[in-house]
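One-letter residues, chain by chain:
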Amino acid sequence: MKTSKQDLLKETGRAGPYGGRYVPEVLMPALTRLENEAVRLLGDARFQAELTGILEEWVGRPTPLTRAGRLGEAWGGQVWLKREDLAHTGAHKINNAVGQALLAREMGASRVIAETGAGQHGVASAAACARLGLECTVYMGAVDIERQAPNVERMKLLGTKVVPVQSGDATLRAAINEAMRDWVADPESTYYLLGSAVGPHPYPWLVREIQSVIGKEARAQFQAATAGLPDVVVACVGGGSNAIGIFHPFVEDEDVALLGVEAGGSGGAVGENAATIVRGKPGVLHGSYSYLLHDEDGQVFETHSVSAGLDYPGVGPEHAFLSESGRAEYIEATDDQALQALDELARTEGILAALESSHALAGAKRYLQENPGASVLVGLSGRGDKDIDILRELKR
Ligand SMILES: *Cc1c(COP(=O)(O)O)cnc(C)c1O
């Protein structure tokens, strides 16, 4: 497939102008060591065999590719779902958590730290660390701890220490800042398990490599089922890890369109959405240069989305590059469009998608309106059980 082209993100830490390593001096040695060790271990057959083994026997990979026949009929095309909702802990995040936790163990880290917003990455990290016998601490905004009580309980049951963050907005952004502060204090023996394809190099590359298992499986499964490739691959984009994971193995397939769907929230005004590529402009956040929702003075905007996992003002640097180069297109789906798509999938296919994943479904629906009869591969990043309380509120 694609051994011919140079992997600039891996080699230089940048995709076009995006990416880089904008961190305090004290973290540079830790990031350089992580880069060297990640390159070495991901290229190591024994490490890969162990990771694959855990993904198969514990995570439940490969996840199925499901043809959504009734939904396709309703939307006027072929819809195929890559079922990350069926992965252990209910979303794609476990792939990254277990991959990096294994890396942490191999690097001899004595503890793992992570940050979490809605709690999904915290739960995935807690589970992976328990499985591998690693001590785990998760930073979480005090506001989010209130809003996401069941996930806090899950993390605790899995043996993880949850640290409330009161500073700043007391949500994900503050939690990331706090995790970075912890890491600065002891970058040698602490491993920072970052939850999406964001942050300083090597994280965007590392997370993409681990999450590419989604796209590799989906591409092979699609070919086995149809003897061809889809017209388009669609995924929701928060930080961008599930999207880059399913896109990456298709990047060289020029006839396959790539469509990222961001959170259009309740509208286009500042604070009403989290559509970073659609509505943002370049800037630096959490250690890397990418698109960002901010003003001329660098003040980062508040964001809103009905789905907590997409409620982030930044996006992974490789998406900024794929957008600018025209290889992938990014659109937004509003809260209402996502909720509508969630209902339609549930009633035609018997699958309750996560609110995040429902944005990808809304994007697929729109694509089929513009390209009737097309075949669409949708990254169904997670299951909707976690969203039941929000759905109950909204449907009152
Ligand atoms: C966290 C989450 C997302 C968003 O994260 P990405 O890094 O953009 O993939 C999407 N879907 C689900 C189910 C999530 O839990």
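Keep in mind it's a predicted model, so treat the numbers as computed, not measured.

Draft legend 1. Spotlight on the packing of helix H3 (residues 45-59) against helix H6 (residues 120-132). Two elements in contact, H3 and H6, have axes whose closest approach is 13 Å; the angle formed by their N-to-C orientations is 110°. Our classification of the angle between H3 and H6 gives roughly perpendicular. Along its contact with H3, which presents Ile 54, Glu 57 and Trp 58, the element H6 presents Ala 127, Ala 128, Arg 131 and Leu 132. By residue class, the composition of the contact of H3 with H6 is five nonpolar, no polar and two charged.

Draft legend 2. Quick peek at the packing of aromatic side chains. Applying the stated criterion across every chain, the model contains six aromatic pairs. Summarising the aromatic geometry, the rings of Trp 183 and Tyr 203 are spaced 6.4 Å apart at their centres and angled 65° between planes, so their arrangement reads as edge-to-face. Placement of Trp 183 in helix H9 (residues 172-185) and of Tyr 203 in helix H10 (residues 203-226) is noted, with a sequence separation of 20 residues between them. Residue class for Trp 183 comes out buried when judged on its relative accessible area of 3%.

Draft legend 3. Examining the domain arrangement of the protein more closely. On domain assignment, one finds that the protein holds domain 1 (16-55 + 93-207) and domain 2 (61-90 + 212-394). Put simply, the middle of domain 1 and the middle of domain 2, counted by C-alpha atoms, are 23 Å apart. In this assembly, domain 1 packs against domain 2 so that about 2,500 Å² is buried in total across both faces, 63% of it on carbon and sulfur atoms. By the criterion of area lost to domain 2, the three top residues of domain 1 are Tyr 18, Tyr 22 and Arg 173, representing 28% of everything that side buries. Applying the counting criterion to the domain 1 and domain 2 interface returns nine residue pairs in polar contact (both at pLDDT 80 or more). Elements with a minimum of two residues in the side of domain 1 that touches domain 2: strand E2 (18-19), helix H5 (93-106), H6, H9 and H10. Here the side of domain 1 that touches domain 2 gets five residues from one element, more than from any other, and that element is H9. Class assignment of the residues belonging to the side of domain 1 that touches domain 2 gives a composition of 18 nonpolar, ten polar and two charged.

Draft legend 4. Local environment of the sheet that holds strand E5 (residues 111-116). If you trace the four strands from one edge of the open sheet to the other, you get E7-E6-E5-E8, paired in parallel fashion. The outermost strands of the open sheet, each flanked by one partner alone, are strand E7 (161-165) and strand E8 (190-192). The average angle at which neighbouring strand axes cross in this sheet is 25°, direction not considered. Sheet topology note: the E5/strand E6 (residues 135-141) ladder contains six bridges and is parallel. Directly across from Glu 115, in E6, lies its bridge partner Tyr 139.

Draft legend 5. Representation of the sheet that holds strand E3 (residues 65-67) in the model. Here six strands make up an open sheet; going across it, the order is E3-E4-E14-E9-E10-E13 and the pairing mixed. Two strands in the sheet have a free side with no partner beyond their single neighbour: E3 and strand E13 (328-334). Taking each pair of neighbouring strands and ignoring which way they run, the sheet shows an average axis angle of 25°. Bridge analysis of strand E10 (residues 257-265) against E13 gives seven bridges, and the strand direction is parallel. Its bridge partner being in E13, Gly 260 is matched across the sheet by Tyr 330. Each of E3, strand E4 (78-83), E10, E13 and strand E14 (375-380) touches helix H14 (residues 335-349); the most contacted strand, E13, lies at about 90° to it.

Conventions adopted
Residues numbered from 1 in each chain as written. Predicted model: local features only at pLDDT ≥ 70, side-chain atom pairs only at ≥ 80, totals over all residues. Heavy atoms only, no water. Axes fitted to C-alpha atoms, helices over the stretch in contact; angles between N-to-C directions. Helix = DSSP H or I, 4+ residues; strand = E, 2+ residues; numbered from the N terminus. Parallel < 35°, antiparallel > 145°, perpendicular 65-115°, else oblique. Contact = heavy atoms within 4.5 Å. Nonpolar A, V, L, I, M, F, W, Y, C, P; charged D, E, K, R; others polar. Phe/Tyr/Trp six-rings, centres within 6.5 Å; stacked < 30°, edge-to-face > 60°. Buried < 20%, exposed > 50% of the residue type's maximum accessible area, 1.4 Å probe, protein only. Domains from an automatic or database assignment. Buried area = accessible area lost by both parts, 1.4 Å probe. Polar contact = N/O pair within 3.5 Å; in protein donor to acceptor, adjacent residues only side chain to side chain. Pairing = 2+ DSSP bridges.

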